[in-house]
Amino acid sequence: MSDTESMRRNIEAVEEAYEFMLAYAAQGRLDEGAGPAGAHIRTFLEHFREAAEALAGQATALVERQDADGVALAAAFRRDSDTIVAVLKLLLGQ
């Protein structure tokens, strides 16, 4: 799988988790499940965490050979990704 395709899949995983979380929140659920055979919020949070971790590394690799602005962008993206991953780990630990 190419780097671009891998990034695209990770972005899609983040989008899918985000959309699921919006729908989940809109339902005002009191439990974690989405139905007896449905996906659970934790599954989407875990996919989100995995994708965010992967995207941070992919973004860094993408701009390694770029100018100072690209390097600064990658550093900011890495910091934001680290924050997101920390929040997701905290949520998953609850």
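Colleague: Can you lay out the confidence of the model for the protein chain for me, pointing to particular residues and giving the numbers?
Modeller: Confidence along the protein chain averages 84 in pLDDT terms, with 87% of residues attaining 70 or more. When mean pLDDT is taken per element in the protein chain, helix H1 (residues 3-27) scores highest with 89 and helix H2 (residues 41-63) scores lowest with 87.

Colleague: Any chance you could break down a negative patch on the surface for me, citing the residues and the numbers?
Modeller: On the surface, Glu12, Glu15, Glu16 and Glu19 cluster together into a patch of negative charge. Among the structural elements, Glu16 can be located in helix H1. What makes Glu16 partly exposed here is its relative accessible area of 46%.

Colleague: Can you explain the nonpolar core? Please cite residues and give values.
Modeller: Among the nonpolar cores identified, the biggest contains 11 residues, and these are Ala17, Phe20, Tyr24, Ile41, Phe44, Leu45, Phe48, Ala52, Val85, Leu88 and Leu92. Among the secondary structure elements, those contributing two or more residues to this core are H1, H2 and helix H3 (68-93). Looking at this core, the element that brings in the most residues is H2, giving five residues. Residues in contact with Val85, not counting those within four places in the same chain, are Arg49, Ala52 and Glu53.

Colleague: Before we move on, can you summarise H1 with the specific residues and values?
Modeller: Given a rise of 1.5 Å per residue, 25 residues ought to cover 36 Å, and the 36 Å separating the end C-alpha atoms of H1 matches this to within 8%. Every buried residue of H1 is listed here: Ser6, Met7, Asn10, Ala13, Ala17, Phe20 and Tyr24. Close packing links the buried residues of H1 with H2. After H1 finishes, the residue Gly28 shows a positive phi value of roughly 65 degrees.

Colleague: Outline the pattern of salt bridges, supporting the account with residue identities and numerical values.
Modeller: All told, the structure shown has four salt bridges when counted by the stated rule. Put simply, Arg9 and Glu5 hold a salt bridge, and the shortest N to O gap is 3.3 Å. With Arg9 and Glu5 both in helix H1 and four residues apart, this pair spans about one turn of that helix. Looking at Glu5, the relative accessible area reads 34%, which means it is partly exposed.

Colleague: For the packing of aromatic side chains, give the residues involved together with the corresponding values.
Modeller: One pass over the full model with this rule turns up two aromatic pairs. Measuring from ring centre to ring centre gives 4.0 Å for Phe20 and Phe44, while their planes differ by 10 degrees; the resulting arrangement is stacked. Of the two residues, Phe20 sits in helix H1 while Phe44 sits in helix H2, which places them 24 residues apart along the sequence. These aromatic residues form a ring-pair network of at least three members: Phe20, Tyr24 and Phe44.

Scoring rules and cut-offs
Residues numbered from 1 in each chain as written. Predicted model: local features only at pLDDT ≥ 70, side-chain atom pairs only at ≥ 80, totals over all residues. Heavy atoms only, no water. pLDDT = per-residue confidence, 0-100. Helix = DSSP H or I, 4+ residues; strand = E, 2+ residues; numbered from the N terminus. Patch = residues over 30% accessible without salt bridge, like charges linked within 9 Å, V, L, I, M, F, W, Y side chains within 5 Å. Areas by Shrake-Rupley, 256 points an atom, 1.4 Å probe, with all protein chains shown as cover. Salt bridge = Lys/Arg side-chain N within 4 Å of Asp/Glu carboxyl O. Lys, Arg positive; Asp, Glu negative; His and termini not counted. Charge placed at Lys NZ, Arg CZ, Asp CG, Glu CD. Buried < 20%, exposed > 50% of the residue type's maximum accessible area, 1.4 Å probe, protein only. Core = buried A, V, L, I, M, F, W, Y, C linked by side-chain atoms within 4.5 Å. Contact = heavy atoms within 4.5 Å. Expected span 1.5 Å × (residues − 1). Phe/Tyr/Trp six-rings, centres within 6.5 Å; stacked < 30°, edge-to-face > 60°.

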